[in-house]
Amino acid sequence: MAERDIVVVGAGVVGVSAALHLQRRGRAVTLIDRRDPGEETSYGNTGVIEGGTYVPIAMPRNPLKLLRYGLNDRSEMYFHWRAMPKLVPWLLQLYANSTEARLRTNGAAVMALLAHAIPEHKALIREAGVDTLLRENGWLQVYRTEAQFDAAALEREVARESGHRFTVLDVNEARELEPHLKPVFRKAELWHDIASLTDPGATVKAYARLFATTGGEILQHRVDRLVPDADGWTVETDNGAIAAREIVVALGPWSMDLLDPLGYRLPFAVKRGYHMHYNPSGDGGLNRPVVDLAYGYAASSMAAGLRVTTGIEFAERDAPATPVQLARVEPRARELLPIERPLEHDPWMGRRPSFPDSVPVIGPAPRHSGLWLDFGHAHLGLTLGPISGRLLAEMICGQTPVVDPAPYSVQRFG
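Residues numbered from 1 in each chain as written. Predicted model: local features only at pLDDT ≥ 70, side-chain atom pairs only at ≥ 80, totals over all residues. Heavy atoms only, no water.

> Honestly, the overall build of the protein chain in this entry has me stumped. Any pointers?
Counting secondary structure elements, the protein chain contains 11 helices and 22 strands. A globule of 414 residues ought to have a C-alpha radius of gyration of about 22 Å, and the protein chain, at 21 Å, matches this closely. Seen along its three principal axes, the alpha-carbon backbone of the protein chain occupies a region of about 65 × 45 × 45 Å. Going through the 414 residues of the protein chain one by one, you find that 57% of them count as buried. (Helix = DSSP H or I, 4+ residues; strand = E, 2+ residues; numbered from the N terminus. Rg over C-alpha atoms; globule rule 2.2 N^0.38 Å. Buried < 20%, exposed > 50% of the residue type's maximum accessible area, 1.4 Å probe, protein only.)

Right under this line is the structure:
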C-alpha cells in the first residue's frame, strides 16, 4: 500500500473544507467518499450561511406542549415510533439542554464559529469562481400570529446582547422586500447577518474542484473500516486498503459507523429532512430564504426551482423515506408562497448529524493518536463547513486556533 499523509473521509462541505485547509498548510491530502463531493446532506439544504445569532433547537419545557408533540401531528417534527427506543436517551439529553441557561451556553459556542462563517465561505467562493451563487441580503422569518412572535423573544434578546442585526417588519414592509409573499402572516423579522446560496451542492463541488486543481487527491470509494496500526492507520475500502499517517472523520450522518467499532460511544442522532422544488407562479420567486415559523419549513429560490425544506423527522437513518411533513406543509406553503406544480416526482431526503447540545465535535479523538473528528453540525453543516475545517486544520498543524476549540471537544461527553 502506498502511504498517504492524511486522509479525510467524507466529501460533504465539512470534509471538503477540512481537506482544503489542510492542503493550504502544506499537508498532502486524500479525500474519500462513496459519492462525488456535495451530493448528500450538503446538497439538499436551504442554502443558508448563518453569521449572527444562534439559539439551538429545543424541546418544549411545558408538559402540555410535549404531549402535543407526542400526538405526532405536527408539521415541524415527526417521529417513527419504532425508532424511539434508540432515540429516547438522546431526546432526554436534548430536553436537558433545553433550559435557557444551556441554550445560551451552547448557542454561544456555535456563535463563536458563526462569527467567521460568512468570511470563510466568501474566501473559498472567490477562489472557486462561483461568486454568482452567493446572496448577501439576509433571510426573512415570518410569524402568523402575535403569540408565535412573542414565543421567539429569546432569539431577539440574544441578538440584542450580542450586537447582531435584525429588523421587525409589518406585513407591508415584509412584502416590499418579498412582493410575492401572500399576506397570511402578522409580523416578520429580517435577519441581516446571513447570506445564502442558490445552489449549495454546486458550491461544494466547486470547492472540491479547487482542492483537486491545487494538488488534492479525490477517491470515490466506500470506507468500511478504520484500523490503527504501528505506522498510523489502514483505511479499508470497497476497493482495497489505503495506508495513512492520520485520519479525519468528516462523514456526517455516517461518522459513527467508523467510530463505534473503535469504542466511541457518543450521544449521536440523525435528524432526517425533505425538500421538493416547485415551479414559481408567474414571475414569482424569493429574493432571500423565508422561514414560516408556524409550520417549521423554509423556502428559497434555487437554480433548480423554488425549494421547500421540511423540519425534523426522527427515524432510523436508513429507514425508507416517509415524507409526511412535506405533505403537511405543502398546503401551508401554498398559502404563503408563489408556488405551482412540483418539479420532481419524489421528494429528496437528507440526514442531519446531530448532538443533543447542537454543538459539533471538532478536534482529536481522545484514545487514538492521529484520529481527528469533524462532524455533528446538525442544521448548520453548510454554514460551518469552512470555519470548522480551518479550526481543525490549525489544530492538526499546531497553529494558533482561530477560535477556542474547547467547546467542540468530544470529551465533553465523558
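> Could you clarify how one ought to interpret the packing of helix 1 (residues 13-24) against helix 11 (residues 381-396) in this entry?
The relative placement of two packed helices is expressed as an angle between their axes plus a distance between the axes. Direction vectors running N to C along helix 1 and helix 11 enclose 35 degrees, while the axes themselves pass 7 Å from each other. With respect to the hand of their crossing, helix 1 and helix 11 are arranged in right-handed fashion. The segment helix 1 lies against helix 11, with V13, V14, S17, A18, H21 and L22 engaging G381, L382, G385, P386, S388, G389, R390, L392, A393 and I396. Partitioning the contact of helix 1 with helix 11 into residue classes produces nine nonpolar, six polar and one charged. (Axes fitted to C-alpha atoms, helices over the stretch in contact; angles between N-to-C directions. Left-handed = near helix turned anticlockwise from the far one by under 90°. Contact = heavy atoms within 4.5 Å. Nonpolar A, V, L, I, M, F, W, Y, C, P; charged D, E, K, R; others polar.)

> What's the story with the environment of G138 in this structure? I'm lost.
Tracing the sequence through the fold places G138 in the loop between strand 5 (134-135) and strand 6 (139-143). Through-space distance from the C-alpha of G138 to that of G216 is 34 Å; in sequence the pair is 78 residues apart. Those residues in contact with G138, other than ones at most four positions away along the chain, are W191, H192, I194, R288 and P289.

> Before we go on, may I ask you to explain the layout of surface pockets in this structure?
A water-sized probe, rolled over the atoms, reveals where empty space remains. There is about 480 Å³ of room inside the second largest pocket. Around the second largest pocket, the lining is made up of 21 residues, and of these K86, F268, A269, V270 and E316 lie nearest the centre. Those elements giving two or more residues to the lining of the second largest pocket turn out to be helix 3 (84-96), helix 9 (255-259) and strand 14 (269-280). With five residues, the top contributor of residues to the lining of the second largest pocket is helix 3. Each residue belonging to the lining of the second largest pocket can be placed in one class, and the counts come to 13 nonpolar, one polar and seven charged. (1 Å grid on protein atoms, 1.4 Å probe; cavity = no way out; pocket = protein on both sides within 12 Å on 5 of 7 lines; lining within 4 Å. Points joined across faces, edges and corners; volume = space filled by probe spheres on them.)

> For this particular structure, what's the right way to read empty space enclosed by the protein?
Across all of its chains, the model carries one cavity of 30 Å³ or more by this definition. Of the pockets and cavities examined, the largest cavity occupies roughly 30 Å³. As for the largest cavity, its lining consists of P56, I57, L94, N97, S98, L103, N106, P356, D357 and S358. Residues of the lining of the largest cavity, tallied by class, amount to five nonpolar, four polar and one charged.

> Help me understand the pairing of strand 12 (residues 232-237) in this model?
Look at any regular strand and the pattern is simple: side chains alternate between the two faces of the sheet. Within strand 12, five of the six residues are buried, which leaves it mostly tucked inside the rest of the structure. Taken together, the six bridges between strand 11 (residues 223-229) and strand 12 define a ladder with antiparallel strand orientation. Among the inter-strand pairings, V227 is bridged to a residue of strand 12, identified as T234. Joining the antiparallel neighbours strand 11 and strand 12 is a turn of two residues. (Pairing = 2+ DSSP bridges.)

> Sorry if this is basic, but what is going on with the nonpolar core here?
Looking at soluble globular proteins, one finds that nonpolar side chains tend to be buried together. Within the largest apolar cluster, 53 residues are counted, with the highest numbers of intra-cluster contacts made by V8, V16, L22, L113, V248 and Y408. Looking at which element gives the most residues to this core, the answer is helix 4 (residues 100-128), with 10 residues. For V248, the contacting residues outside a window of four places in its chain are I6, V7, V8, V9, L22, W372, D374, L392 and I396. Membership of the second largest hydrophobic core comes to 29 residues, among which are L226, V249, Y264 and L266. (Core = buried A, V, L, I, M, F, W, Y, C linked by side-chain atoms within 4.5 Å.)

> Any chance you could explain the pattern of salt bridges here in plain terms?
Two side chains bearing opposite charge may form a pair once their charged atoms approach each other closely. Under the defined criterion, the tally for this structure stands at 35 salt bridges. For R104, the salt bridge identified is with E100, shortest N-O distance 3.0 Å. Of the two residues, R104 and E100 are both situated in helix 4; the distance of four residues between them amounts to about one turn of the helix. The partly exposed category is assigned to E100, whose relative accessible area is 44%. A salt bridge links E394 to R390, with the shortest nitrogen-to-oxygen separation between them at 2.9 Å. (Salt bridge = Lys/Arg side-chain N within 4 Å of Asp/Glu carboxyl O.)

> Please clarify how the side chain of R27 should be interpreted in this entry.
Within the secondary structure, R27 is located in the loop between helix 1 and strand 2 (29-33). For R27, the side chain forms a polar contact with the side chain of E246, separated by 2.7 Å. Filtering out sequence-adjacent residues up to four positions away, R27 remains in contact with D5, I6, L22, R245, E246, I396 and C397. (Polar contact = N/O pair within 3.5 Å; in protein donor to acceptor, adjacent residues only side chain to side chain.)

> Which parts of the structure should I look at to understand the pairing of strand 2?
Of all five residues making up strand 2, five are buried, and the element is well covered by its neighbours. Residues of strand 2 alternate between two faces, with V29, L31 and D33 on one and T30 and I32 on the opposite face, all of them buried. As paired strands, strand 1 (residues 3-9) and strand 2 are joined by four bridges and run parallel to one another. When the sheet's bridge partners are listed, I6 is paired in strand 2 with V29. What joins strand 1 to strand 2 is helix 1, and the crossover it makes is right-handed. With four bridges joining them, strand 2 and strand 10 (residues 217-220) adopt parallel strand pairing. Following the sheet pairing, I32 is matched in strand 10 by L219. (Right-handed = clockwise from strand over helix to strand, strands pointing away.)

> What's the story with the sheet that holds strand 3 (residues 48-50) in this structure? I'm lost.
Paired through their backbone hydrogen bonds, the strands of a sheet run either parallel or antiparallel. Strand order in the open sheet formed by three strands is 3-9-5, and the pairing between neighbours is antiparallel. Two strands close off the open sheet at either side, each with one partner strand: strand 3 and strand 5. As paired strands, strand 5 and strand 9 (residues 194-197) are joined by two bridges and run antiparallel to one another. Residue pairing for strand 9: R135 is matched across the bridge by S196. Relative to strand 3, helix 4 is tilted by about 130 degrees, and along the sheet it contacts strand 3, strand 5 and strand 9.

Function cannot be inferred from these measures alone, as they are strictly geometric.
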